[in-house]
Structure formats: C-alpha cells, structure tokens
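Structural features, examined
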Amino acid sequence: MTRSEVSEKLFAILCESCRKAKDYPQEQLETAVLTKDLGMDSLDLISALFRIEEEFGVNIPEEDLKGHASVFGPLATYITGKLG
Amino acid sequence: MSPTKIGIRAIAAYLPQANLENHELVAQHGFDPDFLDQKLGIRSRHRAAADEHVSHMAAAAGRAVLEQSGLDPAEVQFLAVVTQTPDYCLPQVSALVQHALGLPTSVAALDIGLGCSGFVYGLATATAFMQTHGLTCGLLITTEAYGKIIDPADRSTAPLFGDGACATLLTDSPIFVAGRFVFGTDGSRSDALIARGSGTRKDGDGLLFMDGRSIFNFMMQEIPPSVARCLAANELTMDNVSLCVPHQASSYMLEMLARRLGVPEGRLVVDIEDVGNTVSSSIPMALMRRVLPLASRPASVVITGFGVGLSWCSTILFATENT
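Within each chain, residues carry numbers counting from 1 in the order of the written sequence. By the order in which they are written, chains take letters starting at A while ligands take numbers starting at 1. Reporting of local features is limited, given that this is a predicted model, to residues whose pLDDT is at least 70; pairs of side-chain atoms are given and counted only at 80 or more, and all residues count toward the totals for whole chains, interfaces and linings.

1. Focus on the overall build of chain A
Segments assigned H or I by DSSP are reported as helices when at least four residues long, segments assigned E as strands when at least two residues long, and all are numbered from the N terminus. For chain A, the helix and strand inventory stands at four helices and zero strands. The order of helices and strands in chain A, counted from the N terminus, is α-α-α-α. Taken against the 2.2 N^0.38 rule, which gives 12 Å for 84 residues, the C-alpha radius of gyration of chain A at 11 Å falls within 12% of a compact globule. Burial in this document is a count-based property: other C-beta atoms within 10 Å of a residue's C-beta are tallied, and the residue is buried at 20 or more, exposed at 12 or fewer, or partly exposed in between, with C-beta positions derived from the backbone. For chain A, with 84 residues in total, the buried portion stands at 30%. Radius of gyration here uses only the C-alpha atoms, and the compact-globule reference equals 2.2 Å multiplied by the residue count raised to the power 0.38.

2. So, the overall build of chain B
Along the backbone of chain B there are eight helices and 14 strands. For 323 residues, the compact-globule estimate of 2.2 N^0.38 gives 20 Å, and the C-alpha radius of gyration of chain B, at 19 Å, lies within 12% of that figure. When the backbone C-alpha atoms are referred to their principal axes, chain B occupies close to 60 × 45 × 40 Å. Counting over 323 residues, chain B shows a buried share of 50%. The contact criterion used is a C-beta to C-beta distance within 7 Å, with each C-beta placed from the backbone. A separation of at least 24 residues holds for 78% of the contacts in chain B among residues at least 6 apart in sequence.

3. Points about the confidence of the model for chain A
Averaged over all residues, the pLDDT of chain A equals 89, while 99% of them reach at least 70. Values of pLDDT, which run from 0 to 100, indicate the predictor's confidence residue by residue. Put simply, helix H3 (residues 62-66) of chain A is where chain A has its lowest mean pLDDT, 78, and helix H4 (residues 72-83) of chain A is where it has its highest, 92.

4. Focus on the packing of helix H2 (residues 42-56) of chain A against helix H6 (residues 212-233) of chain B
In this analysis an axis means a line fitted to C-alpha atoms, helices contributing only their contacting stretch, and an angle means the value between N-to-C directions, from 0 to 180 degrees. For the pair H2(A) and H6(B), the least separation of the axes is 10 Å and the interaxial angle reads 50 degrees. In terms of their interaxial angle, H2(A) and H6(B) are classed as oblique. Between H2(A) and H6(B) lies a crossing whose hand is right-handed. Taken together, the residues of H6(B) that come into contact with H2(A) (itself represented by Ser42(A), Ile46(A), Ser47(A), Leu49(A) and Phe50(A)) are Gly212(B), Arg213(B), Phe216(B), Asn217(B) and Met220(B). The nonpolar class holds Ala, Val, Leu, Ile, Met, Phe, Trp, Tyr, Cys and Pro. Asp, Glu, Lys and Arg form the charged class, and all remaining residues, Gly among them, are polar. Here the contact of H2(A) with H6(B) is composed, by residue class, of five nonpolar, four polar and one charged. Each angle gets one of four labels, with under 35 degrees taken as roughly parallel, over 145 as roughly antiparallel, 65 to 115 as roughly perpendicular, and the rest as oblique. Each crossing gets its hand from how the near helix is turned against the far one by less than a right angle, where anticlockwise is left-handed and clockwise is right-handed.

5. Let's talk about helix H4 (residues 93-101) of chain B
Turn by turn, an α-helix covers 3.6 residues, leaving residues three or four places apart pointing in a common direction. All names here are of chain B. Turning to H4, its buried residues are Val93, Ser94, Leu96, Val97, Gln98 and Leu101. Where H4 is buried, its residues meet helix H3 (54-69), strand S4 (78-82), strand S5 (108-112) and strand S6 (137-144). Immediately beyond the C-terminal end of H4, within one or two residues, lies Gly102, with a positive phi of roughly 70 degrees.

6. Focus: the domain arrangement of chain B
Residue and element names in this part refer to chain B. Residue ranges for the domains trace back to a domain assignment, done automatically or taken from a database. Partitioning chain B into structural domains gives domain 1 (7-174) and domain 2 (182-319). Computed over C-alpha atoms only, the centres of domain 1 and domain 2 are separated by 16 Å. Each side of the interface is counted separately: domain 1 has 39 residues, and domain 2 has 42 residues. For the side of domain 1 that touches domain 2, the secondary structure elements donating two or more residues are strand S1 (7-14), helix H2 (33-40), strand S3 (44-47), helix H5 (118-133), S6 and strand S7 (164-171). With six residues, H5 is the single largest residue contributor to the side of domain 1 that touches domain 2. When its residues are assigned to classes, the side of domain 1 that touches domain 2 shows 21 nonpolar, 13 polar and five charged.

7. Considering unusual backbone geometry
Residue and element names in this part refer to chain B. Geometrically, the link from Leu90 to Pro91 is a cis peptide bond, its omega value of 5 degrees lying close to zero. Each neighbour pair has its own omega, and for Gly309 with Leu310 the value is 0 degrees, a cis peptide bond. As for its position among the elements, Leu310 is in the loop between strand S13 (300-307) and strand S14 (311-319). Despite not being glycine, Glu235 has its phi angle at roughly 55 degrees, a positive value. Residue placement: Glu235 occurs in the loop between H6 and strand S12 (243-246).

8. Concerning the pairing of S13(B)
Every other side chain in a regular strand lies on the same face of the sheet, so the side chains alternate between the two faces. Residue and element names in this part refer to chain B. The buried count for S13 comes to seven of eight residues, which makes it a mostly enclosed element. Following DSSP output, two strands are said to pair if at least two bridges run between them. Where S12 meets S13, four bridges bridge the pair, whose relative direction is parallel. Looking at the pairing, Val245 lines up with Ile303 of S13. Where S13 folds back on S14, the antiparallel hairpin that results is connected by three residues, among which Gly309 adopts a positive phi of roughly 145 degrees.

9. Some points on the packing of H3(B) against H4(B)
Packed helix pairs are specified by the crossing angle of their axes together with the interaxial distance, meaning the distance between the axes. All names here are of chain B. In the contact formed by H3 and H4, the axes pass within 9 Å of each other and the chain directions differ by 45 degrees. Considered as vectors, H3 and H4 are oriented oblique to each other. Remark: the crossing between H3 and H4 carries right-handed chirality. Touching Val54, Ser55, Ala58, Ala59, Gly62 and Arg63 of H3 are Val93, Leu96, Val97, Ala100 and Leu101, all from H4. Looking at the contact of H3 with H4 residue by residue, the class counts come to eight nonpolar, two polar and one charged.

10. Quick notes on the nonpolar core
All names here are of chain B. Remark: nonpolar core denotes a set of buried Ala, Val, Leu, Ile, Met, Phe, Trp, Tyr and Cys residues whose joining runs through C-beta atoms within 7 Å. Formed by 128 residues in total, the largest nonpolar core has its most connected members in Ala58, Ala61, Leu79, Ile141, Ala165 and Val245. Counting only domains with at least three residues in this core, you end up with domain 1 (7-174) and domain 2 (182-319). Excluding its chain neighbours within four sequence positions, the residues that come into contact with Leu79 are Ser94, Val97, Gln98, Leu103, Val107, Ala109, Gly138 and Leu139.

Have a look at this one:
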C-alpha cells in the first residue's frame, strides 16, 4: 500500500471515530495533531486506534503514540513503514 | 422428571441518596462537560455514603423486591450476592444480607466475585443451582460501591462509575427465562481493570485502575463473537431479537458495540444518564427501568455482560406467558 493510499484510508477511519475530523482543511492535514486539530478526544482516539490496527493489520504500542504517531502525517508514514 | 424452569419474576433497585453531578466534576477536577454529557452519556451518578456499604445497599434492594412482590423473607431459599467491593474480605456479604433481610438460616447463600459480567454469570449460576436443588424462590443481588475505590480526579474512572444495587427475584413463575449461555474468561488481560493492593497482596494503593484502550479493544474483539455464538445457540439472529441490553459501559462504548453487533435501529437499550456505569447492576437496572415497564413484553432480549477479569457472559431472556 502506498503512502497516499494509507493517508486516504487513515483519514476515513479517523472521520468514522470523530465526525469533527472531516471538516478539517485537507491541505493542512499532514501537520494536524489528532487531539488538538482534528478534535479527537480520548474515546475517539481509542476507537480509531482499534480500527487502524484492525484495518491495516499493524500493532501501535502506546509509547509510539505518545511520540510521533500523534500527528496525522507522521502517523501515516509510521503505518506505511509498518506495512513494509 | 425435568426440573422446574426458574427465571426472573421481578427486579428492584436501590440507589444511594448522594448524587455526584457533572458540574461538580467540572469544577473540582476540570473535566470536559461535553465529554461527560455526550461521550459518556452520563449527567450524574450516585455515591454511597461513608458509612453505607454494599451489604446495606443489597439489603435495601432485596427488601424492595420482596415488598413489591408481596413475599415474606421466610419464603426465600437461595441468595447470591454479586460484588467486588465487599464490606469485609470475610465474612461473605451474602451472610450479612441474609441477616439484614431476615432470611431463614436454611437459605443457601453465596457471594460471586465478578464485576460487569456478574449479573449474567449470576443468573446462570443461580438458576442452575435452584433448578438442581429443587428451590423455587431466590434472590440474585448485584451491589457495588466502586466510588469507594476511585480516585476522584482519575479521568478514566471517576466520571464513569456509579454506586447502587439491584435485586432480581427468581421464581418458578417467571416472566422471563434465560436460554443458553455463552461464557468467557481471559486472565492474561486482568491488569486492564484492577485495584492493586485491594486484597491481601499489598502491591498498590487499592484504587481502581482502568486501561481504557485495552478494555475497548477487548469489548470490540470478544463480545461480538460471544453474542453471535449465543444467538446461534438459541437459534436466533440479531434481526429477530426484540431488544439488546449490553452492560452499560458508556454511551460511546454502547454505540460502537451496537454498530459492530448489528443491532437494528431502536432495539438497543441505553440506561446510563442518571446512574452511570453501575457495574454488575447495569443490566438488571436497564431491564427494570427500560424493559419491564413496556406495555408489551418483548419476546426475546439479548443480555451481555463484560469487564473485570477479563470476563464475559451472554444469554437471551425469553418472555413467558406468566402475568
């Protein structure tokens, strides 16, 4: 799966978990912080992570999330990297 | 001779007088009011008083169900108390409740140490026990005071859980009987919901810890297949059951679970707004407040409890023709 395919699927998953996310300007998506910019609360994040792990077949440990994987672009890169 | 079918005759609840409202949580600990109202779906929850314990709440609920059913305590032959926050490590809460209610000393009384799966497990245990031993009148009491083991500033648990008790009267003239049960336990994930230091192993402060992500994943992974197996064992599909009453974890969790279970529109029962997550009482509370008062008794109700352990249990309640 290419980086842009991952981005597209990832955004769809985030919008499923948090309706507010779909209103975010697409051109700024790469640098969007999931909580602050996309408006995801702790429950949105938990359900999105579950769906991401399920859809992409990857495991995202808590410690990775606290670092670079809390921003949309780096998260998409992280998932693409995990998919190898 | 096949044993008499034991099932649910009536349910009554006891809720402590004190309410913890959202505005108090917002003012004292800076919780987000929208998150509490809309995501958790909880506006207030009850808290047991300092000198009020699960045996007191259990006895109050038990007294209420006996009174509303016109039964004398002397008629009760079986008592199961489901709790994880007992008055004491020993004696068992059921003995305290037997005495408080004035049940005969011939009563078979036991505790069941389960959390959110406790009502459904308790129903399986109580009905099987009663049927095996030819008993026709019993009480299944769920009673929990998680408020006593919660850090009031803990964002995961403080707004979520509410104290309270439910007493379910089980008799041989039931209005609902349970079908086949499906059970589950996975102790490898026990640290996802735990009160370390609350028992004899002194490895923590005794307060409740919840790993929300682990619990959410557990719910989404284990409960849909468990419910599917339960429906199949009872020769039903989700489309032809009347109502679905899952453990009332939070509004958001219920919505996500219902979506994955494929619960048809209008058949999910949600009853959490003014009581919170009452642990093992959440299913009987929802049955008592949202299902039993219905003018037309639903033919079949899926119930599924899941949580601490991790543990889960599902069954179907079938309406009888008894009035």
